[in-house]
Amino acid sequence: MKKYFLNAMAVAMMFSSVVFTSCDNNKGGEPTPPPAANELSGSINDTKKLDANVEYTITGPVIVEEGGVLDIPAGTLIRAKKGFSNYILVLQGGKIYVRGTAEAPVRMTADVEDAQSGYWGGLIINGKAPLSGGETGSTEINSAYTYGGEDVADNSGEITYLVLEYTGAKSSANVEHNGLTLNGVGNGTKIENIYVVEGADDAIEFFGGSVNVKNLLAVNSDDDMFDFTQGYTGTLENAYGIWAEGFSSTEEDPRGVEADGNLDGLNPTQAGQSDFKISNVTFDLRLAASTSEGYYMHDVIKVRRGAKATITNALVKGAGQAKDLIDLTDGKGNASAESAISLSSELTTAVSGNEINAEGTYANVKVENGNSGCDTSVFAWTGYKF
């Protein structure tokens, strides 16, 4: 999980120098020409509809302002220049429509063929749905870009059949993007059929909100596959996380699921701690067995800091290693005693820590046989070879 605070003035200065047109230093004092037709950067205040026949390049922050709409048709290819400042951010009151199909998904990727994880920023959406404690959050991009509110059904648009590759660029060790970041996004937003490939930090992270996500494939996410915090109350249905053969993590505690009730465990008595559901989830550890840092999963499922998780039909498999299958403990507070988790393990190597690491009574948290996990047929559109 990334920290979500940054010096607002410093970032605002960086942001303004990228987004807004300024005079260059040529002798005639002519203004800098606007971006080419296939370049994406700056603010979107009305409706901007892309053309699937054009290959676009993100050359700076793309900000969908309140009242603005970014409409991306099926089959559109969007590449991004390298760097932390290259991302798409939908602000509160803005909307994004990614209209991919199984036959023609939308792809957001790097502008080079040999990119690695952390190349560019990724996709961020700020909504008006509640956070724990009724708080208002602010993004790492700029503290003026807030999220959270009282509208559980807030609608930030629709995303279907989207590929996100090489995301997670960072500006410091504690400030980095995810693949898909959902900040206080409401359940009026539709998000289905997402494929996050080779992303730094988390494949997806929910900062509060109530949005439901369906059919999510995450391959080689550097930190957590699926991350929840700050009072998230939605559902993740049909999720499949893979660490492929040869993968290694640069993070200190990579997990399958990481779930916090509140942001960073700083507000244990807040009302509205995370209370979410995951159904049909597989964690596929295809790398060789190892207890060396970076080569094993710390926890397949980590729930802590007051979070209530209801996880059904979960399966972990493969030759890779895990320290704990389920860990419900933390120095800033354990998982809610009302959590209910069913996980089956088909790992071919032994767990090096605990099958279930818990303090207190968790009668409905079980490692048991019989779960099938996620049906891979829902990801046929990605072309991934399971």
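Everything discussed here concerns the structure shown above.
Source: prediction; values computed, not measured.

Peer 1: How should the overall build of the protein chain be read in this particular structure?
Peer 2: Broken down by element type, the protein chain carries 1 helix and 28 strands. Relative to its length of 386 residues, the protein chain is compact, with a C-alpha radius of gyration of 20 Å against a globular reference of 21 Å. Along the first, second and third principal axes, the C-alpha set of the protein chain runs to 70 × 45 × 35 Å. Burial statistics for the protein chain: of 386 residues in total, 56% are counted as buried. Pairs at least 24 apart in sequence give 74% of the contacts found in the protein chain among residues at least 6 apart. For the protein chain, the exposed area adds up to about 14,800 Å²; of that, 46% sits on carbon and sulfur atoms.

Peer 1: Help me understand the pairing of strand S22 (residues 275-285), please; the structure alone is not making it clear to me.
Peer 2: Along any regular strand the residues' side chains alternate between the sheet's two faces. The buried fraction of S22 amounts to 8 of the 11 residues, a majority that puts the element mostly inside the structure. In terms of strand pairing, strand S20 (residues 235-243) meets S22 through 8 bridges, oriented parallel. The partner of Leu236 across the bridge, within S22, is Ile278.

Peer 1: Honestly, the nonpolar core in this entry has me stumped. Any pointers?
Peer 2: Within soluble globular proteins, side chains that are nonpolar tend to cluster in buried spots. Counting residues in hydrophobic clusters, the biggest one holds 75 residues, and the most contacted among them are Ile96, Leu182, Phe226, Phe228, Phe283 and Ile301. In contact with Phe283, other than residues within four places in its own chain, are Met225, Phe226, Gly241, Gly256, Val257, Val300, Ile301, Leu315, Val316, Lys317 and Leu343. Counting residues in each nonpolar core, the second largest holds 11 residues, with Val163, Val219, Ala244 and Cys374 among its members.

Peer 1: Would you mind going over unusual backbone geometry with me for this structure?
Peer 2: One non-glycine residue, Tyr166, adopts positive backbone phi at about 65°. Inspection of the secondary structure puts Tyr166 in the loop between strand S12 (157-165) and strand S13 (170-172). Given the relative accessible area of 16%, Tyr166 is considered buried. Notably, Asp201 is not glycine yet its phi reads approximately 55°, a positive angle. Checked against the element boundaries, Asp201 lands in the loop between strand S16 (190-197) and strand S17 (204-207). Taking the relative accessible area as the measure of exposure, Asp201 reaches 0% and is therefore buried.

Peer 1: Is there a simple way to think about the pattern of salt bridges in this case?
Peer 2: Oppositely charged side chains can form a pair if their charged atoms are brought close together. Here the structure, examined in full by the defined rule, presents 17 salt bridges. With its nearest N and O atoms 3.2 Å apart, the salt bridge here joins Glu113 to Arg79. With a gap of 34 residues between them, Glu113 in the loop between strand S8 (106-110) and strand S9 (123-126) and Arg79 in strand S5 (residues 77-80) connect regions that are remote in the sequence. Here Arg79 falls in the buried class, since its relative accessible area comes to 12%. Put simply, Arg304 and Asp330 hold a salt bridge, and the shortest N to O gap is 3.6 Å. Residue Arg304 is located in strand S23 (residues 296-304), and its partner Asp330 is located in the loop between strand S25 (321-327) and strand S26 (340-347); the two are separated by 26 residues in the primary sequence. Residues Arg304 and Asp330 agree in their burial class; the two are buried. Here the salt bridges share partners, and the residues they tie into one network are Asp253, Arg255, Glu258, Asp260, Asp299, Arg304, Arg305 and Asp330.

Peer 1: I tried to follow the pairing of S16 on my own but got confused; where do I start?
Peer 2: Burial of S16 is extensive: 6 of the 8 residues sit out of reach of the surface. Relative to S16, S12 is paired through 7 bridges, and the arrangement is parallel. Its bridge partner lying in S16, Leu164 is registered against Val196.

Peer 1: In this structure, what is going on with the packing of aromatic side chains? I would like to understand it.
Peer 2: Describing an aromatic ring pair means giving the distance of the ring centres and the angle of the ring planes. For the structure on display, the rule yields 13 aromatic pairs. Ring centres 5.1 Å apart and planes at 5° place the aromatic pair Phe206 and Phe228 in the stacked group. A residue pair is termed long-range when its members are at least 10 positions apart, and Phe206 in strand S17 and Phe228 in strand S19 (residues 226-229) qualify at 22 residues. By relative accessible area, which is 0% here, Phe228 ends up buried. Consider the rings of Phe226 and Phe283, whose centres lie 6.3 Å apart with planes at 55°: the pair is tilted. Placement of the pair is Phe226 in strand S19 and Phe283 in strand S22, with a sequence separation of 57 residues. The pair formed by Phe226 and Phe283 is uniform in burial state, with each residue classed as buried. A network of ring pairs unites the aromatic residues Phe206, Phe228, Tyr232 and Phe276 as a single cluster.

Peer 1: How should the environment of Glu135 be read in this particular structure?
Peer 2: Mapped onto the secondary structure, Glu135 falls in the loop between S9 and strand S10 (137-138). Glu135 sits 12 residues away from Tyr147 along the chain, and the two C-alpha atoms are 9.0 Å apart. Excluding residues that lie within four positions of it along the chain, Glu135 makes contacts with Gly148, Asn267 and Gln270. Looking at Glu135, its side chain comes within polar contact range of the side chain of Gln270, at 2.8 Å.

Peer 1: Explain the environment of Ile311 here, please?
Peer 2: By the secondary structure assignment, Ile311 is in strand S24 (residues 308-318). Residue classification places Ile311 among the buried positions, given a relative accessible area of 1%. If near-sequence neighbours (up to four positions away) are discounted, Ile311 is found in contact with Ile278, Val281, Ile301, Ala340, Ile341 and Ser342.

Conventions used here
Residues numbered from 1 in each chain as written. Predicted model: local features only at pLDDT ≥ 70, side-chain atom pairs only at ≥ 80, totals over all residues. Heavy atoms only, no water. Helix = DSSP H or I, 4+ residues; strand = E, 2+ residues; numbered from the N terminus. Rg over C-alpha atoms; globule rule 2.2 N^0.38 Å. Buried < 20%, exposed > 50% of the residue type's maximum accessible area, 1.4 Å probe, protein only. Contact = heavy atoms within 4.5 Å. Areas by Shrake-Rupley, 256 points an atom, 1.4 Å probe, with all protein chains shown as cover. Pairing = 2+ DSSP bridges. Core = buried A, V, L, I, M, F, W, Y, C linked by side-chain atoms within 4.5 Å. Salt bridge = Lys/Arg side-chain N within 4 Å of Asp/Glu carboxyl O. Phe/Tyr/Trp six-rings, centres within 6.5 Å; stacked < 30°, edge-to-face > 60°. Polar contact = N/O pair within 3.5 Å; in protein donor to acceptor, adjacent residues only side chain to side chain.

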